[in-house]
Structure formats: C-alpha cells, structure tokens
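Residue-level listing of the chains:
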There are 2 protein chains.
Amino acid sequence: MKAHIITIGDEILIGQIVDTNSAWIATQLHIHNIAVSQIRSISDQDDAILNALSDSQNQVDLVLITGGLGPTKDDITKQTAAKYFDTHLRRDQAVLQHVTQFFESRGRTMLEINRQQADVLEGCTVLFNQYGTAPGMLMKKESTTYIFMPGVPFEMKHLMNTQILPRLTQQDHTIFLSQENIIVGGIGESYLAEKIADIESELPASIKLAYLPTLTFVRLRLSGKGSDQEAITASTKYYAEQIIHRLADHVIANYDTTIEEFLIQKFIGLNLTLTTAESCTGGSLAAMITAIAGCSAMYVGGTIPYSNKLKQQLLGVREETLLQYGAVSEQTVIEMAEGAKKKFDTNYAISTSGIAGPGGGTIDKPVGTVWVAVAGERETITQKFQFQNDRTINIERTRQLALFMLWQLLVKEHQIGISL
Amino acid sequence: MKAHIITIGDEILIGQIVDTNSAWIATQLHIHNIAVSQIRSISDQDDAILNALSDSQNQVDLVLITGGLGPTKDDITKQTAAKYFDTHLRRDQAVLQHVTQFFESRGRTMLEINRQQADVLEGCTVLFNQYGTAPGMLMKKESTTYIFMPGVPFEMKHLMNTQILPRLTQQDHTIFLSQENIIVGGIGESYLAEKIADIESELPASIKLAYLPTLTFVRLRLSGKGSDQEAITASTKYYAEQIIHRLADHVIANYDTTIEEFLIQKFIGLNLTLTTAESCTGGSLAAMITAIAGCSAMYVGGTIPYSNKLKQQLLGVREETLLQYGAVSEQTVIEMAEGAKKKFDTNYAISTSGIAGPGGGTIDKPVGTVWVAVAGERETITQKFQFQNDRTINIERTRQLALFMLWQLLVKEHQIGISL
C-alpha cells in the first residue's frame, strides 16, 4: 500500500510553523507497513489544492490531507474538495449536534461559522471528531482513497488513532517489513561507513541501510522487505548483529530509542538517581529527560543556576572558584556537579556551563566554549567543547553530549555495554 | 519570484525526523519576498528525484534542494542530478583541499568516501561549504535555477546566509510585500474571527488575513501585496490598527514575536527579574526563556523540584502543605512561587505542578490536572487547568499558559498593554 501526505496552509510555506503533523502521520503509516512516497505542503489556494489532489489520483492508494478545515475564511479545503469530487456540501445533523454540545459544555455562544463546521462533502464517510468541531472526511475517486483531517495536531492524532488506522490495518498484507535499529555514539558518519563498508556491500537487495545522524549520535536503520516474513526478519537481524559486533564500544542500543529514554530505563533498572545543574543549557537537558513518562523514578529534579549568585546559593560553588576561574571553567562545573549530587543525594549529577552565544565571548573563552561535568559514584569526568556561534545548536549539542558523557560513565561504573 | 523546496531522504517520509530545514528556508525566502508555492519531501530514489526536479522545471524560478549529499551509499542526489542535467561529476580541487584541511585540522584520517565529497556537477557554480565537507551547487536548466545543499541544518543555514540569499536579493523587485502581525491571547479562533468579521469582509483583494493559532495564542497576519510600496504599507497598517482597536485587551503585541521574547524585552525594559520553579513542566519553561539570547539580564535561573523532597529543600514548601493538599494543589504552587521569589530575590516567579501523564492520575486529580501560580510584586495569581492525557501537549500548554498568566499580571502591575 502506498500513500501521499498533503498539508494545506500558507503557514508552513512561509515557515511560520514546522510540519510536525506529517512527521507523525508518516511514523504511524510506516509502523502499519504503508509506504509514504511523498509529503507535500501546498498553499491554501483553490488551484494548488486541485492540482495536488489530482496529481495523487491513481498514483497511490491513499492520500492523507490535513489543514484548511477551520472556521475562518482562509480555510477553503472543503469547498475546493467539493469541486474536485464534483459534489456539494451538506450539513450533517450528527456533527451539528456534537458541535452544539461542544459549545454548550464550554458555556460558549455558537456562531454561524461554527455551525458551518458541520458541513461535509456529500457522499463522504464522516470521521467523527470527538476533540474538536471539524470532522474528518473519507472520499474515494477511482483507485485512490482521500482522507481529510483537521490540522490541529491532537485532533488529527485522535482521528488517526481511533478511526483511520484501524480501517487501514484491516487489509491483508503480502509484503512483510522488518527493521533493526542501532544507536551509535562517539563516531562520525564517515568513519562509521568506512568501518562497516564490507558489511554494507554484502547486503542483499532486499535490505536497505540508512544513516540517520543527529548532532551527536547516528542511528543505523536496516530495513528488510520480503514475502517470507520469517526469512526477512532473520536476515535483517543477522546483518544488524554483524554491524553491532564490528562497532562494539560505540553501540549504545540495539533497538530504536533515544539516548534519554535509554538512560532512564537503565537508571531505573539499576535503581540509580540523577540530578541536573544547568547553566548554559538553561533547563533544556532537564526538559529532555522529563519529556519521558516515568522519569520521576530516577530523576529527583534539578537546578538552573543561571546567575553566579544562584550557582553559590543552590549548589555551594565557592566564590573563590568563580573569581579565579570564572563561571565557564572546569573547576566550576566540577563544583556544580559534585555540589548537586551531594545536596540532592543522588548517584549521578550532570552540570553544564558555557557561552551559548551570540554575545558574551572573550578572547580566552570565545562564544561556543562549553564545559560539562558528570559526577558519578566513583569519579567525576569533565569535558570542554568548542562550538561555533549558534545558540540553538550549542544548547542542543551540549545537552546531547552531556547525556553521552553520562552514558560513558555509566558503562564504566555499571557495565551496561551491549553484548551479543 | 517563485520557489519550490525539495527535501530528499527517507528519514522524513518514515517520520524519523521532522522537516525543520524547509521551515527555516521558507522563512528566509518569505523575508526576501520570494513566494514558496510548494514544499515537497521525496524518497532518495533515482526516479523520485528525477520526477521532482522535472516537475519544477519552468514552473518556478528557483528550486532549493536539501539532502542526499553525504558520504554514504544512500546519498545519491549528486549522481541523479548529473543524469537530470545531462552532465557528469568532476572532482573540484579547491573543495578537495578544503576537505583535506577539514580532516587534518581535526586529526582525522581521510577516507576515499570523504574525497568523493569534492565531486561536483560539471558546469555548476560551486557554493563553498566552510562548515562541512559537502559543497552546495547551483545549476540552471531553461528558466529555472536549481540549488543543491547538504541536509545538515547548520551547514545548510551557513550556505543560505553567506552564498545563496545574497545572490537572490541582487534582483530588483517590482512587487512589494507588506506584513503586519498581531499576537492575541485568551480568546479562541472562532470568537476572534466573529469579533473582526466586518473588518475582514472589508479587506481589499490586495490584503490577505491569516489566523495562525498555537495551543494558547493566535497570530493574526495581514499580508499586503502591490506595486506601490507606500500605498500597500499604509493600507496594511490601517487594517492592522482596526483589528488591534477591536481586540483591545487580548492584544499582546502588534509585531511578529513570541510570548517569551515579548516578556523578556518588557522585563529588561522595566528592570525586573524572574525565576521559575517547575515541577510538571520539568525545565521546559526555563528552556523556552533561555533559548532567547540576552535573557540573563532578567532571568536569574530557576529550579526543577520534581520530587516532594526538593520542593521543600529548594523552595521551602511546608511538609504539612504537601501532606494535606498534595503536590498538585493551589496551596503548593503558591508556596513554590512565593518561596522561589523570596529565596532568589526576584520581582516575579512562576511555578507549575501537575499530572502530565500518561500515568499518575487519581479520581480527584485525573491526568491533565495542572496548577500554575505567578507571584508578582503585589499579588500572587493562580489557575487550575484540566487537560487531556497527552504528556507532550500538557507540558506545552502549561508552559504557554504560565507565560500568558505572567503577561496578565505584568499588564496589571506595570500597564504594558498595547495602546494606539
């Protein structure tokens, strides 16, 4: 089964919002063995919408469309779709009742533009939207199924989960997918590729290897495709094991995960606790950890001692240290991490201090100078990084590398490395 | 001038990464008065790339392409582009020298696949990439200019800023754009639309109004287009003022900004300071603030008292309060905010405590129950929110609403509302 995703709305085309909806839809379709061959963002103009709808017709089995179903004048998807399917809009009484209740339960007055939310394409299957006022709609044209959804992320996700994915997975499958993921750290993409070049050359045509680098980690993804489920699964697994064996010490995990998810699981399994003391990362390292449900079993909390005063007050960093070496120094991050570990009584503590930019650099410590310390059960490790002048990237790199250092110390102190 | 953006690579199509590159490029082009009419993500397959390149030919003036220029085998953009332009690859000596230096300065051995990074399309203009090993390339075919860039965000941004945008803006313009942005809070999209319906109906064809809602705020964007720069600017401004006048108390800013940028500017202007005490938002509110350069002039730092123990230790929340009312309660967030404000000697403090989910809910306090307090100079305000069961959205809503509450209290205590 093949699919296209179309998002409608000027806000993506002028860069005012990032298209996270398509990424989420693509993930879901991938899990359900539906291959997305194109994602397209188009303007909320009549002709752009008509072109996109007809370009996909008979090219793919399924087209998922988000956006342009709202109550305001710039939302023209329904009117344009009516033209494309050569039909008209009818007011759906069940949806109207839902919209009316939606407003009543919130004590809000209903307006005529809200009533129009109950207008649907004549001939469509209505996909009821419990979380909002714009219903989804399913229409067929020749061999292609078109599904229209609202662009509000949680409404779209709700419709996908409760109404769309269950329909799609009722089909039977004749082609099986198999996937193996390997998360690698501390090695660049080219080195990685060179190290496993012979394994890559040996891969059969049915297995594809992708390199998915972030700023600090590389995710290797082996994707197998075949009609014999058992054979393709075994074959993909075989090559994954070859790669893991070759890369040895660099392999963080042999499944699809993130460094933060991986560490949280290990910490909980080993009954260890963590605190964070962030200056230059300003809470974003903690946010990365606390985004994961269940983290409270290992993360007791942390501090963001942005000012020197708070470094002293919250963590007991000594005034002499700050005066002699400065806030961005090895001595300061050591005192921050060790102070945090002691004060909050945890097994591990991470601290960061740096000049994220664009201002604040000096000759000795140019913008992009960052110190990170990780205090563990037996030792404290530190590292200095010299990045460029991009605040967002410097914060992102620092939080990833800080977690990589935590992984390194945990491997050393608790032998959590991968073994086959 | 019209443009298309194409991103090449399976990782977007299977949802493994979000296409932030296109959003950034679209923003830049929009600022430079270049209209992006389509953003397209395609697979790193020969035929998909050839189709996308030829679909854009003579349809737009400019095509910006990212991805597929890396050193590994799944990167086939250069080879495919050579076919499309009916040319071949040549090794560029200047690029080769740069790549060699790049490896030498990092003390890394150079591999043959790294040398291949110096291969460029015969006949292209080479766009030198100071930050990486894959150069950009500019090629023309009939009336369309194609520009190839690496997919690594900071390399792409560097090429855009130093080599591509300067070229594009050398053209002269005959059509002028004018834009007005209005940031609105505390009012839903439909209400907003109804409140300004008559102004919207009056808009001339040359001015378009877009509603760009986030979870908590709505950005209204008026875009004018015309050949008389002065007239279109004045006309767009006129309608923006009508809208601001009508929406009055809901208008946060009359220019393109974010709530956090806006508040940081106001705090610095008024010489005020802020601290944060985050339980359920886990550092993400602080991260939102510290992502903005210059925030250290008003943000002294904060705490993430995730455990009850840290709520007491860091902020002086009383044990009786936690026992009697629980961590997720009005009493606790008041003690957190007031304790933080007093301990860290700031003018304002924000605190959050809630059950972000998916676990941890009870009958009295289901998942999605969140309390926020803002302690100000004369009073402390609190609000309870009842969200659904989506951890990411609950954290995001909470941090946005917490900043909205801070804005409300600042309007009250410092009269920072918009006046025309």
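Whatever comes next refers back to the structure up there.
In this text the structure is predicted, and so the values were computed from the model without any measurement.

Reading guide: rules and limits
Residues numbered from 1 in each chain as written. Chains lettered and ligands numbered in written order. Predicted model: local features only at pLDDT ≥ 70, side-chain atom pairs only at ≥ 80, totals over all residues. Heavy atoms only, no water. Least-squares fit on C-alpha atoms with pLDDT ≥ 70 in both. Contact = heavy atoms within 4.5 Å. Axes fitted to C-alpha atoms, helices over the stretch in contact; angles between N-to-C directions. Helix = DSSP H or I, 4+ residues; strand = E, 2+ residues; numbered from the N terminus. Parallel < 35°, antiparallel > 145°, perpendicular 65-115°, else oblique. Left-handed = near helix turned anticlockwise from the far one by under 90°. Nonpolar A, V, L, I, M, F, W, Y, C, P; charged D, E, K, R; others polar. Pairing = 2+ DSSP bridges. Expected span 1.5 Å × (residues − 1). Buried < 20%, exposed > 50% of the residue type's maximum accessible area, 1.4 Å probe, protein only. Arc of directions from axis to C-beta. Polar contact = N/O pair within 3.5 Å; in protein donor to acceptor, adjacent residues only side chain to side chain. Buried area = accessible area lost by both parts, 1.4 Å probe. Salt bridge = Lys/Arg side-chain N within 4 Å of Asp/Glu carboxyl O.

A.B. asks: Explain the relation of the copies chain A and chain B to me, using residue names and the numbers behind them.
C.D. replies: Relative to chain B, chain A is turned by 180° and slid 0.1 Å along the rotation axis, the superposed coordinates differing by an RMSD of 0.1 Å. Those values place the two copies in the arrangement expected of a two-fold rotation axis. The share of interface residues of chain A whose copies in chain B are also at the interface is 99%, consistent with both copies meeting through the same surface.

A.B. asks: Can you explain the packing of helix α3 (residues 46-56) of chain B against helix α4 (residues 77-84) of chain B? Please cite residues and give values.
C.D. replies: Residues and elements named next belong to chain B. As a packed pair, α3 and α4 sit with axes 10 Å apart at the nearest point and diverge in direction by 50°. The angle between α3 and α4 falls in the class oblique. The two elements α3 and α4 cross, and the hand of that crossing is right-handed. In this structure, α3 uses Asp-46, Ile-49, Leu-50, Leu-53 and Ser-54 to contact α4, whose residues at the interface are Thr-77, Thr-80, Lys-83 and Tyr-84. Among the residues making up the contact of α3 with α4, the classes are represented as four nonpolar, three polar and two charged.

A.B. asks: Report on the sheet that holds strand β10 (residues 207-213) of chain B, specifying residues and quantitative values.
C.D. replies: All names here are of chain B. With respect to topology, four strands assemble into an open sheet ordered β10-β11-β9-β12, the strand pairing being antiparallel. Every other strand in the sheet has two partners, leaving β10 and β12 (251-253) as the edge strands with one partner each. The mean angle between the axes of side-by-side strands here comes to 30°, regardless of whether they run parallel or antiparallel. Pairing of strand β9 (residues 176-185) with strand β11 (residues 217-226) involves ten bridges; the strand directions are antiparallel. Considered in β11, the bridge of Ser-178 is made with Gly-224.

A.B. asks: So what's going on with helix α10 (residues 229-247) of chain A? Residues and values would help.
C.D. replies: Residue and element names in this part refer to chain A. Compared with the 27 Å implied by 1.5 Å per residue over 19 residues, the 27 Å span of α10 between its first and last C-alpha is a close match. Of the residues making up α10, those classed as buried are Ile-232, Thr-236, Tyr-239, Ala-240, Ile-243, Ile-244 and Leu-247. Buried residues of α10, viewed axially, fall in a sector of 145°; they line one side. Exposed positions of α10 whose direction lies more than 90 degrees from the buried face are Glu-230 and His-245. Residues of α10 that are buried in the fold lie against β9 (176-185), α8 (189-195), α9 (197-202), β10 (207-213), β11 (217-226) and β12 (251-253). For α10, the N-terminal cap is Asp-228; the gap from its side-chain oxygen to the backbone nitrogen of Glu-230 is 3.2 Å. Following α10 by one or two positions, Ala-248 has its phi on the positive side, about 35°.

A.B. asks: Account for the pairing of strand β15 (residues 348-354) of chain A, with residues named and values stated.
C.D. replies: All names here are of chain A. For β15, a buried count of seven out of seven residues is recorded, marking the element as mostly surrounded by other parts of the structure. Both faces of β15 are covered, namely the face carrying Tyr-348, Ile-350, Thr-352 and Gly-354 and the face carrying Ala-349, Ser-351 and Ser-353. Sheet analysis places strand β13 (residues 274-278) next to β15, joined by five bridges and oriented parallel. In the sheet register, Thr-276 faces β15, and the bridge partner there is Ile-350. Where β15 meets strand β16 (residues 369-375), six bridges bridge the pair, whose relative direction is antiparallel. Across the sheet, residue Thr-352 finds its bridge partner in β16, namely Val-372.

A.B. asks: Tell me about the sheet that holds β10 of chain A, and please be specific about residues and values.
C.D. replies: Residue and element names in this part refer to chain A. Across the sheet, four strands lie side by side as β10-β11-β9-β12; this open sheet has antiparallel pairing. Each edge of the sheet is formed by a strand with only one pairing partner; in this case those strands are β10 and β12. If you compare each strand with its neighbour and ignore which way they point, the axes differ by 30° on average. Of the strands in this sheet, β9, β11 and β12 are in contact with helix α16 (residues 391-414), which crosses β12 at around 95°.

A.B. asks: Please provide a residue-by-residue account of the interface of chain A and chain B, values included.
C.D. replies: With 88 residues of chain A at the interface, the matching set in chain B holds 88 residues. Of the roughly 6,900 Å² buried between chain A and chain B on both sides combined, carbon and sulfur atoms contribute 57%. At the boundary of chain A and chain B, one finds four salt bridges. Across the pair Asp-10 of chain B and Lys-208 of chain A runs a salt bridge, and its minimum N-O distance is 2.9 Å. Joining chain A to chain B, the criterion identifies 30 residue pairs in polar contact (both at pLDDT 80 or more). The element contributing the most residues to the side of chain A that touches chain B is strand β2 (residues 35-42) of chain A, with seven residues. As defined by bridge partners, β2 of chain A adjoins strand β2 (residues 35-42) of chain B across five bridges and the pair is classed as antiparallel. What sits directly across from Arg-40 of chain A, in β2 of chain B, is Arg-40 of chain B.

A.B. asks: Tell me what's going on with the environment of Met-139 of chain B, and back it up with residues and numbers.
C.D. replies: Residue and element names in this part refer to chain B. Mapping Met-139 onto the fold places it in strand β7 (residues 136-141). In this structure Met-139 comes out as buried when scored by relative accessible area, which is 7%. Considering only alpha carbons, one finds Met-139 and His-32, 107 residues apart in sequence, at a separation of 21 Å. Those residues in contact with Met-139 that lie beyond four places of it in its chain are Phe-85, Thr-87, Leu-121, Glu-122, Gly-123, Cys-124, Thr-144, Thr-145 and Tyr-146.

A.B. asks: Go over helix α15 (residues 330-343) of chain A with me, naming the residues and quoting the values.
C.D. replies: Residues and elements named next belong to chain A. Taking 1.5 Å of rise per residue, the 14 residues of α15 would be expected to cover 20 Å, and the 20 Å separating its terminal C-alpha atoms lies within 8% of that figure. For α15, the full list of buried residues reads Thr-332, Val-333, Glu-335, Met-336, Ala-337, Gly-339 and Ala-340. Looking at the buried positions of α15, the neighbouring elements they touch are β13, α13 (308-315), α14 (319-325), β15 and β16.

A.B. asks: Could you give an account of unusual backbone geometry, with specific residues and numbers?
C.D. replies: The amide bond that connects Gly-357 of chain A to the next residue, Pro-358 of chain A, takes the cis arrangement and shows omega of 0°. As for its placement among the helices and strands, Pro-358 of chain A is situated in the loop between β15 and β16. Positive phi, close to 65°, is recorded for Asn-58 of chain A, a residue that is not glycine. One can find Asn-58 of chain A in the loop between α3 (46-56) and β3 (62-66). For Asn-58 of chain A, a relative accessible area of 38% gives the class partly exposed. Of note, Gln-415 of chain B is a non-glycine position whose phi angle comes to about 45°, a positive value. You can see Gln-415 of chain B is positioned in the segment after α16 (391-414). Among the residues examined, Gln-415 of chain B registers a relative accessible area of 61% and is labelled exposed.

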